[in-house]
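Chain residues, written in single-letter form:
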Amino acid sequence: MKIAVCIKRVPDSETRVKIASDGKSLDEAGVKFILNPYDEFAVEEALRLKERAGAGEVVAVALGPSAAQETIRTTLAMGVDRGILLQTDRLPADGLEAAKALAAELAPGGYDLLLFGKMAIDDYNQQVGPMVAELLGLPCVTSVAHLEIAGARGVAEREIEGGVEVVEFPLPAVLSTDKGLNEPRYPALKGIMAAKKKPLEVKAAALGGGALEIVALLPPPERQPAKIVGEGAAAVPELVRLLREEAKVL
Amino acid sequence: MTRQAGTAPFVPARYQPALPLDRLILTDGAPGAGDRTELDVLIVGAGPAGLAAAIELARLARQDGAQLAIGVLEKAEALGEHSLSGAVVNPRSFRELFPERPDSAFPFRQAVTRERVCLLTSGHSIPLPTPPTMRNGGNYVASLCEIVRWLGNEAGELGVNVFTGFPAASLLTTGARVAGVRTAATGLDREGRPLASYAPPNDLVAKVTVLAEGTRGALAQAYLEWQRIAADSPQLFALGVKEIWETRRPLDAIVHTLGWPLPRDAFGGSFMYPLTANLVALGLVVGLDYPDAGLDPHALFQQMKLHPLFRHYLEGGEMVEWGAKTIPEGGYYAVPARRSGAGVAIVGDAAGFVDVPSLKGIHYALQSGMLAARAIYPGLKSGDASAAALAQYDRLVNASFIMQDLYRTRNMRLAFRHGFYGGGVRAALMTLTGGRFPGGKSAVESDAAVARRPGAPTPFVPDGKLTFSKLDAVFRSGNATRDTIPLHLVPASEVPAPVAEFYSRMCPAGVYEVVHGTLRVNAPNCVDCKATDVLGPRWTPREGGTGPKYKRM
Amino acid sequence: MSDVLAVLEQRHGAVRKVSHEVVTGARRLADALGGDVEALVLAAGAVQGVERLGAFGADTVRTLTNAGFALYAPEGYTQVIAERVQAGRYGAVVFAASATGKDLAPRVAARLGRPLAQDVMDVGVEAGAVVVVRPVFAGKALLKLRVGGSPAVISLRPNVFTPVERPRAGIQESAAVAGSAGRVVTKEIKAAEAGTLDVGEAPIVVSGGRGLKEPANFKVLEALAAAFGGQAAVGASRAVVDAGWRPHADQVGQTGKTVSPTLYVAVGISGAIQHLAGMRTSKVIVAINKDKDAPIFKVADYGIVGDLFEVVPRLIDEIKKLHG
């Protein structure tokens, strides 16, 4: 099986968000960067599928700055065979541009599966995977929480409100992975050593500016301290009224 | 929580289990490991000592046109995440390790321009003349986390393998020789059963293993105990609790204080350093031989921040990080008789290379790492990693400024064992006489052997703005250890309530609580400061990547 | 380019409630752009509830039917919607940021060669361009974006665009459309795993802390959760999980989950930093605590100071009355 996994280098979820002086981006001083957690499920699934098939290749593709090579190496340490970095210092706000660059790289690869994490924990855009599928004219299922592949067909399960959708699709296909799909492996020590010797190709990314312009990155609105509705059980009817009429949550 | 009036004093050592040598020392070849990896040199701990050793070794090999397989094991998930210090750094060892670079290339924040020493009372601060041992002209304020990440980068570029998330849990030995280490298993639940994420331990074997675990290193202790290597005095420790604040008002000097809020019979003081004018590192250091069992170092530190001296800077600011770590304070007489053996060398804080009066340890760590590398390298070339060959490391250290400096202040800390003012006078006389007063060597017992009076706990209600509870503080250490982790702390089988109370005050991270008179252990809170190992339940290595995630401590 | 296409969702032949929010958001945009709202729903036959949409501001409601459209058919839907957009003059195409919407919107956007602003909390028009605000970094910051060109493709975060009555004609149209469902076939919708709602997914979370005094007392919270009629999950603070009163899966904050429900009720929880970090992006927070100085009151929207063992039973009664 030949599988491509698209990964992203993202700030750790515990990052205290400081807005840079340009008012439009994250101040990266002291920020720890990690492999996007949703991409870990994609990498793990790719490795399992290749192991089950007994043969094949898993390729990690990242769009990002030079430091993303370290992120690719993490996947190589997990067992991915080789990596490709499409290098750019500024990722456009427009996910379609990212999708175009990735689609161009992936198109000639002859992959059976193209896996993505369902979304990146920095921008929460949740779109690049299905956009790539659209650009490549490939079938796509997103937010896959359970997967079975048999030959050239697959069955995926995805969570929707109040239920689980069971979806069938043919290969080759694009899938985006959700939490619960698998338990990603930690890189083994030997894997970390071997990763240094695996091929990692760096190319310049061909990116357009896109049609989404960042106007500002803003802190979330300050929460006002609580309106103390009253004391004791006697205050409950008023609370319920406020929740219903003012907050509109009941 | 009721306290029995007139409860008798107790000695913590009575309730301390012995170091579990049967877990910490294994025979090489013992079953239980998954992979086995062979290296030329294995270094345990990616702190300044371990990384300096790795860098110097890689350099020496490169000069010879040779290749060395060097591996550094680090228990934290990423470099620097378990590193914590004040810090004001003496740059000399950086200059020696990187002779071709200017000071501006080093990972320091700013040069020390002004410094102040004050004696605090509850409402005032009385300036004192800076003691000669504390003059920091020519030194730099720095973040140890940043230093470690920078060193790690340098090491990586020289081809050193740094394995983060891999704690060394046991030494592997062949006879009296250290053959390597076994790492901790991952993915076990509270009962020790494997979860889906289970990964077995790894064995790493090497010609030489360098133990650079930092303060109260488990394997270093185990080795010294196993080989019966003693020092003239037991090692003493202090606990430092530290925070980093983004401040509204700028700080332009490094500040050290003595006195309040520490009681007269406790040793220690505080520090406050500007990383930048508005990014301030501050902390309180308390010697762990304090006689009052009710003393709570975290609570004292929180109260200290309310003093006008500190409040002036902190008010309106934000606490961005919290952490804690012990510091070896025994000085010259507590350094083990030898820090090397067949297949092994001990560097940095793990060997006790810290000078208390000047509050310095980082450059000694770097220096000892370099010296270890220089002693190890010829042995690697000739295939000789025997105790005799590695004894060269001890000779190099003994002849270096490390031991010269420690010798000069050899009795300083011990002088304070008997009280602040008397200690202050003795310390002043020691400085004046270059260490020759009072002569001889002060007798001293280990911290755990010092009797504790059950006392009233330090009263403290956090305000959430300037002062914080232990649970809130632990959150700010970045600690997100999973709650299902196996217990890594080893208490005695019976811990009476007063002793449990004592633990709950001592631990800055709220690991210990007293519930219905019995000890409750919240192991996931642990930030690996090692105070527990000094005074209470023993600390053992746990799953990689657990514990704090310091960013700029 | 001033009309707005509002893409609705149906399940089992009935309009999903979230579609009212979509029409509301579309109406807001259409008013700013000076155009009409056309609501669109794809199904296998007639859809119940379409007649209600005029009330929320739909000028027309178009049902497009195809035998293969009963269940969500990503490729078939994408084709039809994209064709509809290309046939009109839309300034915006609006979806719900539901599970389906977040899958469908990127496909439509890419098919049209247009950018997608996903999971948006506010929409407007500035200097003729559509402007949106969306949460990033897990809600720790907001990103304001301007969309260049037309149409803007947007998905709206659920529970934000509270449906507002802004009656318009709501003219009903229906047509059969040709086309296949596509290569990706939804075979069925299975029920979610039986058992309690997950704390991370429930629209309402009722959380308990040490104030409950004993593990057995959590049944008072379970009763409160039940009073919300299957919408609520019971969460727990770190302290009670550590004490073994509740399973780790229920923990909110620190190594437990970050939750962002519509309504978060913190009962007997003082508000330690890590707990607050786990739930502060909840839409509405209610705190019940007998300590008026408890830190939780700083982040809560509403609070009652009192004995939870008196307040919660009263709350259960009042909620039941509401639903009854």
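Every residue gets a number counted from 1 within its own chain, in the order that chain's sequence is written. As a convention, the first chain written is A and the first ligand written is 1, with the rest following in written order. This being a predicted model, a pLDDT of at least 70 is required before a residue's local features are given, and a value of 80 or more before pairs of side-chain atoms are given or counted; all residues contribute to the totals for chains, interfaces and linings. No hydrogens and no water enter the side-chain calculation; it runs on all heavy atoms of the structure.

### Notes on a nonpolar patch on the surface
Right, so step 1: Patch members must show over 30% relative accessible area and no salt bridge, and they are joined within 9 Å when carrying like charges or within 5 Å when they are nonpolar side chains of Val, Leu, Ile, Met, Phe, Trp or Tyr. Note on areas: these come from Shrake-Rupley sampling with a 1.4 Å probe, and a residue is covered only by the protein chains present in the view. What counts as a salt bridge is simple: a side-chain nitrogen of Lys or Arg found within 4 Å of a carboxyl oxygen of Asp or Glu. On the surface, a cluster of nonpolar side chains totalling about 210 Å² of accessible area is made up of B:Ile126, B:Leu128 and B:Leu258.
Right, so step 2: Under the scheme used here, helices are H or I runs from DSSP no shorter than 4 residues and strands are E runs no shorter than 2 residues, and both carry numbers assigned from the N terminus. Along the chain, B:Leu128 falls in strand E7 (residues 125-128).

### Brief notes about the interface of chain C and chain A
Right, so step 1: Counting residues at the interface gives 74 residues for chain C and 75 residues for chain A.
Right, so step 2: As a working definition, buried area equals the accessible area (1.4 Å probe) given up by two parts on being put together, with both sides summed. Here chain C packs against chain A, burying approximately 6,300 Å² in sum over the two surfaces, 60% of which is carbon and sulfur.
Right, so step 3: Considering only the surface of chain C that becomes buried against chain A, C:Phe137, C:Arg183 and C:Tyr302 emerge as the three largest contributors, covering 12% of it.
Right, so step 4: N or O atoms within 3.5 Å of each other form a polar contact, as long as, within protein, one can give a hydrogen and the other can take it, and as long as residues adjacent in sequence are counted only when both atoms are side-chain atoms. Our enumeration of links across chain C and chain A arrives at 31 residue pairs in polar contact (both at pLDDT 80 or more).
Right, so step 5: No other element matches the nine residues that helix H3 (residues 99-112) of chain C contributes to the side of chain C that touches chain A.
Right, so step 6: When residues are sorted by character, Ala, Val, Leu, Ile, Met, Phe, Trp, Tyr, Cys and Pro go into the nonpolar class, Asp, Glu, Lys and Arg into the charged class, and all the rest, Gly among them, into the polar class. Here the residues of the side of chain C that touches chain A are counted per class, giving 36 nonpolar, 14 polar and 24 charged.
Right, so step 7: For strand E9 (residues 163-170) of chain A and strand E13 (residues 185-191) of chain C, the ladder comprises six bridges, and the chain directions are antiparallel. Residue pairing in the sheet places A:Glu165 in a bridge with C:Ile189 of E13(C). A contact between two residues is defined here by any heavy atoms of the two lying within 4.5 Å. By definition, two strands form a pair when at least two bridges between them are found by DSSP.

### Looking at empty space enclosed by the protein
Residue and element names in this part refer to chain C.
Right, so step 1: Cavities and pockets were defined on a 1 Å grid built over protein atoms only: a cavity is a set of grid points that admits a 1.4 Å probe from which the probe cannot escape, a pocket is an open set flanked by protein on both sides within 12 Å along at least five of seven lines, and lining residues are those with an atom within 4 Å of any such point. Grid points are joined across faces, edges and corners, and a volume is the space filled by probe spheres set on the points. Counted according to the given criterion, the structure contains eight cavities of 30 Å³ or more.
Right, so step 2: Taken as a whole, the second largest cavity spans an internal volume of roughly 200 Å³.
Right, so step 3: As for the second largest cavity, its lining consists of 20 residues, and the residues nearest its centre are Glu9, Gln10, Tyr72, Tyr77 and Thr100.
Right, so step 4: Where the lining of the second largest cavity is concerned, the elements lending two or more residues are strand E2 (10-11), strand E6 (90-96) and H3.
Right, so step 5: Among the elements that take part in the lining of the second largest cavity, H3 stands out by supplying three residues, more than any other.
Right, so step 6: Within the lining of the second largest cavity, the residues separate by chemical class into 12 nonpolar, four polar and four charged.

### Points about the packing of aromatic side chains
Residue and element names in this part refer to chain B.
Right, so step 1: Any two of the Phe, Tyr and Trp rings considered here, Trp counted by its six-membered ring, make a pair once their centres fall within 6.5 Å; the pair's planes then place it as stacked at under 30 degrees, edge-to-face at over 60, or tilted in between. A complete count under the given rule lists 22 aromatic pairs over all chains for this structure.
Right, so step 2: Here phenylalanine 94 and phenylalanine 108 contribute two aromatic rings whose centre-to-centre distance is 4.9 Å and whose plane-to-plane angle is 85°, an arrangement assigned as edge-to-face. One end of the pair, phenylalanine 94, is in helix H3 (residues 92-97); the other, phenylalanine 108, is in the loop between H3 and strand E5 (110-111), and 14 residues separate them in sequence. Neither phenylalanine 94 nor phenylalanine 108 differs from the other in exposure class; each is buried.
Right, so step 3: Centre to centre, the rings of phenylalanine 98 and phenylalanine 106 are 6.3 Å apart; their planes meet at 50°, and the pair counts as tilted.
Right, so step 4: Working definition: with a 1.4 Å probe on protein chains only, accessible area under 20% of the residue-type maximum means buried, over 50% means exposed, and in between means partly exposed. Take phenylalanine 106: its relative accessible area is 4%, and that puts it in the buried class.
Right, so step 5: Among the aromatic residues, those joined into a ring-pair cluster are Phe94, Phe98, Phe106, Phe108, Tyr140 and Trp150.
Right, so step 6: Consider the ring centre and the ring normal. A charge sits over the ring if Lys NZ or Arg CZ is within 6 Å of that centre and within 35 degrees of that normal. Sitting above the plane of the phenylalanine 401 ring, arginine 92 keeps its charged end 3.5 Å from the centroid.
Right, so step 7: The aromatic ring of phenylalanine 301 is capped on one face by lysine 305, whose charged end is 5.4 Å from the ring centroid.

### Regarding the confidence of the model for chain B
It should be kept in mind that the predicted coordinates are not to be read in detail where pLDDT is low.
Residue and element names in this part refer to chain B.
Right, so step 1: A residue's pLDDT is simply how confident the predictor is in it, with values from 0 to 100. Here chain B averages 91 in pLDDT, while 93% of its residues score no lower than 70.
Right, so step 2: Counted against residues more than four places away or in other chains, residues 1-6, with its pLDDT under 50, gives four contacts.
Right, so step 3: If you check the scores for this complex, the pTM reads 0.89 and the ipTM reads 0.93.

### Regarding the interface of chain B and chain C
Right, so step 1: Tallying the contact residues gives 16 residues for chain B and 12 residues for chain C.
Right, so step 2: Contact with chain C buries area across many residues of chain B, yet B:Leu471, B:Phe475 and B:Asp483 alone supply 42% of it, more than any other trio.
Right, so step 3: At the boundary of chain B with chain C, the tally comes to one salt bridge.
Right, so step 4: Salt-bridge contacts for C:Arg210 lead to B:Glu513; the nearest nitrogen and oxygen are separated by 3.8 Å.
Right, so step 5: With four residues, helix H13 (residues 470-475) of chain B is the largest single contributor of residues to the side of chain B that touches chain C.

### A few points about the side chain of B:Ser83
All names here are of chain B.
Right, so step 1: Relative to the helices and strands, serine 83 resides in the loop between strand E3 (70-74) and strand E4 (88-89).
Right, so step 2: Looking at serine 83, the relative accessible area reads 10%, which means it is buried.
Right, so step 3: Once residues lying within four places of it in the same chain are set aside, the contact partners of serine 83 are Leu144, Cys145, Val148, Lys325, Tyr550 and Met553.

### Considerations on the sheet that holds strand E5 (residues 60-65) of chain C
Residues and elements named next belong to chain C.
Right, so step 1: Read from one edge of the open sheet, seven strands run E7-E11-E6-E1-E4-E5-E12, paired in parallel fashion. The open sheet has two edge strands with one neighbour each: strand E7 (116-120) and strand E12 (171-176). On average, each strand axis in the sheet is inclined to that of its neighbour by 20°, with strand direction left out of account.
Right, so step 2: Judged from the six bridges that link them, strand E4 (residues 37-43) and E5 form a sheet pairing that is parallel. When the bridges of E5 are listed, leucine 42 appears paired with leucine 64.
Right, so step 3: Strands strand E1 (3-7), E4, E5 and E6 of the sheet are contacted by helix H2 (residues 74-87), whose axis makes an angle of about 155° with E4.
Right, so step 4: Comment: axis = line fitted to C-alpha atoms, over the contacting stretch for helices; angle = value between 0 and 180 degrees taken between N-to-C directions. Relative to the sheet, H3 contacts E1, E6, E7 and strand E11 (152-156), its axis offset from that of E7 by approximately 165°.

### A word on the sheet that holds strand E16 (residues 254-259) of chain B
Residues and elements named next belong to chain B.
Right, so step 1: The strand order E7-E6-E16-E17-E18-E15-E19 describes an open sheet built from seven strands, whose pairing is mixed. Both outer strands of the open sheet, E7 and strand E19 (318-328), are each paired with one neighbouring strand and no more. Direction aside, neighbouring strands of the sheet carry axes that sit 20° apart on average.
Right, so step 2: Against the sheet, helix H6 (residues 297-304) contacts strand E15 (237-246), strand E17 (268-276), strand E18 (279-287) and E19, and its axis sits at roughly 135° relative to E18.

### Points about the nonpolar core
Right, so step 1: If you look at the biggest cluster of nonpolar residues, it comprises 161 residues, and the most contacted ones within it are B:Leu151 and B:Phe353.
Right, so step 2: The greatest single-element share of this core, amounting to 12 residues, is contributed by helix H8 (residues 362-382) of chain B. Think of a nonpolar core as a cluster: buried Ala, Val, Leu, Ile, Met, Phe, Trp, Tyr and Cys residues, connected wherever their side-chain atoms sit within 4.5 Å.

### Some details on the environment of A:Ala29
Right, so step 1: Within the secondary structure layout, A:Ala29 lies in the loop between strand E2 (9-11) and strand E3 (33-35).
Right, so step 2: Taking the C-alpha atoms as reference points, A:Ala29 and A:Lys18, 11 residues apart in sequence, are found 9.0 Å from one another.

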